[in-house]
Amino acid sequence: MLDSIGSRITKARLFRNLNQKELAQKIGVEPATISKYESGMNEPNIKNLKSIAEALDTSIDELV
């Protein structure tokens, strides 16, 4: 089974030793937003996906 965007965000975030609150602060969203992305309840729009990729020092391709 392929990883979801949310699980890839989680893996990249944990690899960089960030918690959800820290990632949320880096991209200017609420921690609950990160939680929803990671749980698969919501998917980030392209602007937030780009911000997440930059904050986690990875590419959009790696997250999708």
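Residues numbered from 1 in each chain as written. Predicted model: local features only at pLDDT ≥ 70, side-chain atom pairs only at ≥ 80, totals over all residues. Heavy atoms only, no water.

## A closer look at the overall build of the chain
Part 1: Of the regular secondary structure elements, the chain holds 5 helices and 0 strands.
Part 2: Secondary structure of the chain in N-to-C order comes out as α-α-α-α-α.
Part 3: Compactness check: the chain gives a C-alpha radius of gyration of 10 Å against a globular reference of 11 Å for 64 residues, within 12% of the reference.
Part 4: Across its three principal axes, the chain shows a C-alpha extent of roughly 30 × 25 × 20 Å.
Part 5: Within the chain, residue pairs in contact and separated by at least 24 positions form 49% of the contacts whose partners lie at least 6 positions apart.
Part 6: Separation of charge centres in the chain, based on 9 positive and 9 negative side chains, amounts to 4 Å. (Helix = DSSP H or I, 4+ residues; strand = E, 2+ residues; numbered from the N terminus. Rg over C-alpha atoms; globule rule 2.2 N^0.38 Å. Contact = heavy atoms within 4.5 Å. Lys, Arg positive; Asp, Glu negative; His and termini not counted. Charge placed at Lys NZ, Arg CZ, Asp CG, Glu CD.)

## A closer look at helix α4 (residues 46-55)
Part 1: When α4 is considered as a whole, its buried residues turn out to be N48, L49, I52 and A53. Burial along α4 is one-sided: seen end-on, the buried residues are contained in an arc of 140°. Turned more than 90 degrees from where α4 packs its buried face, K47 and E54 sit exposed.
Part 2: In the core, the buried residues of α4 are packed alongside α1 (5-15), α2 (20-27), α3 (31-39) and α5 (60-63).
Part 3: Looking one or two places after α4, you find D57, whose phi comes out positive at around 55°. (Buried < 20%, exposed > 50% of the residue type's maximum accessible area, 1.4 Å probe, protein only. Arc of directions from axis to C-beta.)

## Focus on the packing of α2 against α4
Part 1: The contact between α2 and α4 brings their axes to 9 Å, and the two run at 115°. The hand of the α2/α4 crossing is right-handed. From α2, L23, K26 and I27 reach across to α4, where they touch S51, I52 and A55.
Part 2: Grouping the constituent residues of the contact of α2 with α4 by class yields 4 nonpolar, 1 polar and 1 charged. (Axes fitted to C-alpha atoms, helices over the stretch in contact; angles between N-to-C directions. Left-handed = near helix turned anticlockwise from the far one by under 90°. Nonpolar A, V, L, I, M, F, W, Y, C, P; charged D, E, K, R; others polar.)

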